[in-house]
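The primary structure of each chain is shown beneath.
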Amino acid sequence: MPLEEMCALLDRHARPDLSTAIDDVQVCRFEHTDPPVSGMSGTVLAVIAQGGKRLALGERLYEYRAGQYLVTSVDLPGTGQVMDTGQATLAFGMALHPADIAALLLDADPDDLPAAPRTPQAGVAVTDAPAELLDAIVRLLRLLDRPGDRKILAPMIKREILWRLLSGPQGPAIRQLGLADSSLTHITRTVRWIRENYAEPFRVEQLAHLAGMSVSAFHRNFQAVTGMSPIRFQKHIRLQEARLLLAGGGADVTGVGHAVGYDSSSQFSREYRRMFGTPPSQDAVQLRAQPAVPASALP
């Protein structure tokens, strides 16, 4: 069975930093006692071989278990947590790059792919993994034990994995990631702007212009992709950046609040506690006492 071999390979090659000898591929082993991880999702494929995880993005909660995969086509702020299934969670992760998807689309016959959607799809989706996808992942993981084959075969199998995604149920959303003029690409441009300028105020009209959309269309599409309004999205980014600053011990609570764009210390503390469940000063102490968790562990 592909999942059984996949579990064995993941368990054998798991490292604390999740890295592997294959570019853009991660091997993950998590215990259900591991604390929740907040951060950015990245654009990734994550496949569960054993156990399960939850991912909270805005008001949306996604659960995925053994034999299922999650794809994120937009880099979104969220919180990931391992589910208590009575066993460790083993997962495979692979980064999704727009350039790789675009190159594959150029070689593909459009008739062999699901039709591109007229409107942006949600930036995250969970689907049962078909046998063909699991088989390709297992063959890629086997290369971790075969360094002589890795350089030649790994790019070919990664391309096959992308094809399985493109031709599967989530193909339309992934296809948008590789199209330069898709609605998803325009929304992603505004997501990137908010991330890079999270401490600065903005007007929604400004972002709508950047996306090349009317204000009403921009609101509708941004909500569809991210599950949040632009203002709430910015708030999530600000609070997660604040948490990273507090964990690093580089500034006091008031200074961190101002650094991420809050004029009011009380508002910062109130919203921080609402998001993370603990006041910033108390959370900072707890964070500094915990071992570092790779940010890429989120999905």
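See the structure shown above.
## Considerations on the overall build of the chain
Stage number 1. Counting secondary structure elements, the chain contains 12 helices and 9 strands.
Stage number 2. Against the globule reference of 19 Å for 299 residues, the chain gives a C-alpha radius of gyration of 20 Å, in line with a compact fold.
Stage number 3. Along the longest, intermediate and shortest principal axes, the C-alpha atoms of the chain span 55 × 45 × 30 Å.
Stage number 4. A burial count over the chain gives 47% of its 299 residues as buried.

## Here's the deal with the side chain of R243
Stage number 1. Locating R243 in the fold gives a position in helix α9 (residues 230–248).
Stage number 2. Side chain to side chain, R243 and D283 meet in a polar contact 2.8 Å long.
Stage number 3. Apart from residues lying up to four places away in sequence, R243 is in contact with S38, Y272, F276, D283 and L287.

## Considerations on the pattern of salt bridges
Stage number 1. Using the criterion set out here, one finds 14 salt bridges in the structure.
Stage number 2. Across the salt bridge formed by E160 and R164, the nearest N and O atoms sit 3.7 Å from each other. In this pair, E160 and R164 both sit in helix α4 (residues 147–166), 4 residues apart, roughly one turn of the helix.
Stage number 3. Classification of E160 by relative accessible area gives partly exposed; the value is 22%.
Stage number 4. One network of salt bridges, with partners in common, ties together D135, R139, E160 and R164.

## Remarks on the side chain of H13
Stage number 1. Within the fold, H13 resides in helix α1 (residues 2–13).
Stage number 2. Since its relative accessible area comes to 17%, H13 is described here as buried.
Stage number 3. Those residues in contact with H13 that sit more than four places away from it in its chain are V27, L144 and D145.

## A word on the state of the cysteines
Stage number 1. For the coordinates displayed, the defined rule picks out 0 disulfides.
Stage number 2. Of all cysteine sulfurs in the structure, the one in C28 sits closest to C7, which takes part in no disulfide; the separation is 13 Å.
Stage number 3. Judged by relative accessible area, which is 6%, C28 ranks as buried.

## A few points about the sheet that holds strand β3 (residues 44–50)
Stage number 1. Pairing within the open sheet is antiparallel, and its 5 strands lie in the order β1-β8-β3-β6-β9. Of all strands in the sheet, those bounded by a partner on one side alone are β1 (25–30) and β9 (124–128). On average, each strand axis in the sheet is inclined to that of its neighbour by 20°, with strand direction left out of account.
Stage number 2. Summarising the sheet, strand β6 (residues 68–72) and β9 pair through 5 bridges and their orientation is antiparallel. The residue of β9 that forms the bridge with V71 is A125.
Stage number 3. Against the sheet, helix α3 (residues 131–142) engages β1, β3, β6 and β8 (89–95), with an angle of about 85° to β8.

## Some remarks on α9
Stage number 1. Compared with the 27 Å implied by 1.5 Å per residue over 19 residues, the 27 Å span of α9 between its first and last C-alpha is a close match.
Stage number 2. Where α9 is concerned, the buried positions are P230, F233, Q234, H236, I237, R238, L239, Q240, A242, R243 and L246.
Stage number 3. Phi turns positive, to about 70°, at G249, one or two residues after α9.

## Quick look at the pairing of β6
Stage number 1. With 5 of its 5 residues buried, β6 lies for the most part within the structure.
Stage number 2. Of the two faces of β6, both are covered, the one formed by Q68, L70 and T72 as well as the one formed by Y69 and V71.
Stage number 3. As judged from the 3 bridges shared by β3 and β6, these two strands associate in the antiparallel manner. Paired with L45 across the bridge in β6 is V71.

## So, the environment of K53
Stage number 1. Here K53 shows up in strand β4 (residues 52–57).
Stage number 2. Owing to a relative accessible area of 3%, K53 belongs among the buried residues under this scheme.
Stage number 3. Along the primary structure K53 and M83 are separated by 30 residues, whereas in three dimensions their C-alpha atoms are 5.1 Å apart.

## Overview of the sheet that holds β4
For sheets, the rule is that strands pair by backbone hydrogen bonds, running either parallel or antiparallel.
Stage number 1. Here we have 4 strands laid out as an open sheet, ordered β2-β7-β4-β5, and antiparallel in their pairing. Edge strands, defined here as strands with exactly one partner in the open sheet, are β2 (37–40) and β5 (60–65). Along the sheet, successive strands turn relative to each other by an average axial angle of 25°, direction set aside.
Stage number 2. In terms of strand pairing, β2 meets strand β7 (residues 77–82) through 4 bridges, oriented antiparallel. Each bridged residue has a counterpart across the sheet, and for M40 the counterpart in β7 is P77.

## Describing the packing of aromatic side chains
Stage number 1. Inspection of the entire model under this criterion finds 6 aromatic pairs.
Stage number 2. On the numbers, 5.5 Å between centres and 50° between planes, the contact of F218 with F222 is tilted. You can see F218 and its partner F222 sitting in helix α8 (residues 215–226), 4 residues apart, about one turn around the helix. F222 shares its class with F218; the two are buried.
Stage number 3. Relative to F233, the ring of F222 has its centre 5.6 Å away and its plane inclined at 85°; by these criteria the two rings are edge-to-face.

Thresholds applied
Counting restarts for each chain, with residues numbered from 1 along the sequence as it is written. Given that the model is predicted, a residue must reach a pLDDT of at least 70 before its local features are reported, and side-chain atom pairs must reach 80 or more before they are shown or counted; all residues, however, enter totals for whole chains, interfaces and linings. The side-chain quantities take in all heavy atoms of the structure and omit both hydrogens and water. Under the scheme used here, helices are H or I runs from DSSP no shorter than 4 residues and strands are E runs no shorter than 2 residues, and both carry numbers assigned from the N terminus. We take the radius of gyration over the C-alpha atoms and set the globule estimate at 2.2 Å times the residue count to the 0.38 power. Relative accessibility decides the category of a residue: with a 1.4 Å probe and only protein chains considered, values under 20% of the type maximum give buried, values over 50% give exposed, and everything between is partly exposed. Counting of polar contacts relies on pairs of N or O atoms within 3.5 Å, with two restrictions inside protein: one atom must be capable of donating a hydrogen and the other of accepting it, and residues adjacent in sequence are counted only when both atoms are side-chain atoms. Should any heavy atoms of two residues lie within 4.5 Å, those residues are considered in contact. Each salt bridge in this description consists of a side-chain nitrogen of Lys or Arg and a carboxyl oxygen of Asp or Glu lying within 4 Å of one another. Pairs of cysteine sulfur atoms within 2.5 Å are what we label disulfides. DSSP-based pairing: two strands are paired if at least 2 bridges between them are found. Each axis is a line fitted through C-alpha atoms, taken for helices only over the stretch in contact, and angles between the N-to-C directions span 0 to 180 degrees. Multiplying 1.5 Å by the residue count of a helix minus one yields the expected span of that helix. Only Phe, Tyr and Trp rings are paired, with Trp represented by its six-membered ring, and only when their centres lie within 6.5 Å; those with planes under 30 degrees apart are stacked, over 60 edge-to-face, the remainder tilted.

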